[in-house]
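Now for the letters of each chain:
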Amino acid sequence: MSVMSRRILVTGGAGFLGSHLCERLVAAGHDVLCIDNYFTGRRANVAHLIGHPRFEIMRHDVTFPLYVEVDEIYNLACPASPIHYQHDPVQTTKTSVHGAINMLGLAKRLRAKILQASTSEVYGDPTVHPQTENYWGNVNPIGFRSCYDEGKRCAETLFFDYHRQHRLRIKVARIFNTYGPRMHPQDGRVVSNFIMQALAGAPITIYGDGSQTRSFCFVDDLIEGLIRLMETGDEITGPMNIGNPVEMSIRELAEAVIELTGSRSELVYEPLPHDDPVQRKPDIAFARRALGWEPKVKLKDGLKRTIAYFAALREDLEATGGVGNG
Ligand code: NAD
Ligand code: UDP
Ligand code: UDP
């Protein structure tokens, strides 16, 4: 990492990934401006940074213009879990599309470098496996997941058009399923659901028959990949897959969580959500080559750290009597 301190904007900075990113950037000596509308993010995620001389937080919705002065922008603002992004799907598309336009307009005025947190969802229910960046995807344009998938695809289009039309320095990261401390305990994602259920001794809800696959990346590895991508020269724009290529079935994940928590929870089977991708695994050859990066944290180690986080959170919740948004 360059020793030069920069002013860096992180949108969605109070969310799961955003809070880890802010923390890393502050620790590296940068001035960080975190903006968030707190739709799924929580002030508690960045509470330990508040008061730090190089950290500033502002309530702001990226669908509205933003006039600030920075050198780099990480655009992470967008609900990421299916239940949250489907809660107000029109707002989800606005966040991805209007949010991208505003942040690209800001980057254009400032000649700032800008990174987009895109997603493996741009591949939809993929027919190419593992997914390589040159695969165009298999996406339903009118389904329940489309607000997220198509919003993110349109954001990628905007990034590449601003790059071609206005010579903007862009980086597009296609992030695959990531887990770790500070995931929202009730956002419905599989890792948080399974761990919360296992710790409560409640049934573990497997959607479908649990044979669908995902590849889970621990948050520290993911953040390292994003920062390295931002630091590349202008010739690297992406899109670049950032994720862990170790693929497993959802049933195997449930078994791992049960083993590591020592839970007696039983497995229950519930209907598969609409358009739930059957398989997902990143091909990370490009990231390996261009960033010298690959994930280091093994699933069991990452799950142990995540379980410890949720166990502590449950104790706090029991002490205070509910999930605060503070
Ligand atoms: P998250 O929901 O924890 O974080 C998103 C943050 O954006 C939240 O703090 C939320 O309040 C904020 N936000 C939402 N709409 C906003 C708006 N209009 N204006 C300002 N802030 C807004 O989710 P996350 O897992 O941290 O995801 C961060 C980014 O990474 C998202 O763009 C997501 O699409 C992408 N991503 C995440 C994963 C993953 O597995 N975690 C996978 C693929 C892509
Ligand atoms: N924008 C912003 N901050 C800035 C500059 C622009 O939020 O510092 C927003 C503004 O809302 C604008 C959008 O970015 O509509 C796109 O900007 P661009 O310059 O590409 O287009 P235009 O200003 O012509 O709409
Ligand atoms: N899933 C599950 N039980 C749950 C939550 C999710 O079986 O309680 C499944 C879900 O159907 C999907 C996979 O786990 O096949 C990953 O779901 P998640 O919502 O975490 O992410 P995404 O589908 O966006 O990859």
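Treat the numbers as computed from the prediction; the structure is a model and nothing was measured. Going along each chain's sequence as written, the residues are numbered from 1 onward. All chains are assigned letters beginning at A, and all ligands numbers beginning at 1, according to the order in which they are written. Reporting in this predicted model follows two pLDDT cut-offs: at least 70 for local features of residues, and 80 or more for side-chain atom pairs to be given and counted; totals over whole chains, interfaces and linings ignore these cut-offs and use all residues. The side-chain numbers reported here are obtained from all heavy atoms of the structure, hydrogens and water having been left aside.

Caption draft 1: Examining unusual backbone geometry more closely. Between His129 and the following residue, Pro130, the backbone shows a cis peptide bond with an omega angle of -10°. Secondary structure elements follow DSSP: runs of H or I no shorter than four residues count as helices, runs of E no shorter than two count as strands, and numbering proceeds from the N terminus. Within the element layout of this structure, Pro130 appears in the loop between strand 5 (113-119) and helix 5 (146-166). Between Gly238 and Pro239 the backbone carries a cis peptide bond, its omega angle lying at 0°. For Pro239, the position within the fold is in the loop between helix 7 (219-230) and strand 11 (240-242).

Caption draft 2: Spotlight on the site of ligand 1. Neighbouring residues of ligand 1: 31 residues in total, closest Leu17, Asp36, Thr40, Tyr148 and Lys152. Pairs of N or O atoms within 3.5 Å make up the polar contacts considered here, provided that, within protein, one atom can donate a hydrogen while the other can accept it, and that residues adjacent in sequence are counted only when both atoms are side-chain atoms. Thr178 places a main-chain nitrogen or oxygen 2.8 Å from an oxygen atom of ligand 1. Elements that contribute at least two residues to the shell around ligand 1 include exactly helix 1 (16-27), helix 4 (89-110), strand 5 and helix 5. The element best represented in the shell around ligand 1 is strand 5, accounting for three residues. In these notes, residues near a molecule or strand are those with any non-hydrogen atom within 4 Å of it.

Caption draft 3: Representation of the layout of surface pockets within the structure. Cavity: a set of points on a 1 Å grid over the protein atoms alone where a 1.4 Å probe fits but cannot get out. Pocket: an open set with protein on both sides within 12 Å along at least five of seven lines, its lining residues, like those of a cavity, having an atom within 4 Å of a point. Grid points are joined across faces, edges and corners, and a volume is the space filled by probe spheres set on the points. The computed volume of the second largest pocket comes to approximately 220 Å³. In terms of lining, the second largest pocket is formed by Phe216, Asn244, Pro245, Val246, Met248, Arg288, Glu294, Pro295, Lys296, Val297, Lys298 and Leu299. Across the lining of the second largest pocket, the residue classes break down as seven nonpolar, one polar and four charged. Nonpolar residues are Ala, Val, Leu, Ile, Met, Phe, Trp, Tyr, Cys and Pro. Charged residues are Asp, Glu, Lys and Arg, and all others, Gly as well, are polar.

Caption draft 4: Inspection of the sheet that holds strand 2 (residues 31-36) at higher detail. For two strands to be treated as a pair, DSSP must find at least two bridges joining them. Overall, parallel pairing links the seven strands, which are arranged 3-2-1-4-5-6-11 in an open sheet. Because the sheet does not close on itself, it has two edges, and the strands there are strand 3 (55-59) and strand 11. When the angles between neighbouring strand axes are averaged without regard to direction, this sheet yields 20°. Any two residues having at least one pair of non-hydrogen atoms within 4.5 Å are treated as being in contact. To get an axis, fit a line to the C-alpha atoms, keeping to the stretch in contact for a helix; angles then go from 0 to 180 degrees between the N-to-C directions. Packed on one face of the sheet, helix 7 meets strand 4 (72-75), strand 5, strand 6 (170-175) and strand 11 and runs near 160° to strand 6.

Caption draft 5: Here's a closer look at the environment of Gly302. Following the sequence through the fold, Gly302 ends up in helix 10 (residues 299-320). Relative accessible area decides the class of each residue, using a 1.4 Å probe on protein chains only: under 20% of the type maximum gives buried, over 50% gives exposed, and in between gives partly exposed. Classification of Gly302 as buried rests on a relative accessible area of 0%. C-alpha separation for the pair Gly302 and His98, spaced 204 residues apart in sequence, amounts to 35 Å. Apart from residues lying up to four places away in sequence, Gly302 is in contact with Tyr179, Phe218 and Val297.

Caption draft 6: Spatial organisation of the side chain of Arg6. Within the secondary structure, Arg6 sits in the segment before strand 1 (7-11). We classify Arg6 as buried; its relative accessible area is 14%. Within the local environment of Arg6, its side chain forms a polar contact with the side chain of Glu231, the two groups lying 2.9 Å apart. Apart from residues no more than four positions distant in its own chain, Arg6 is found in contact with His30, Asp31, Asp71, Glu72 and Glu231.

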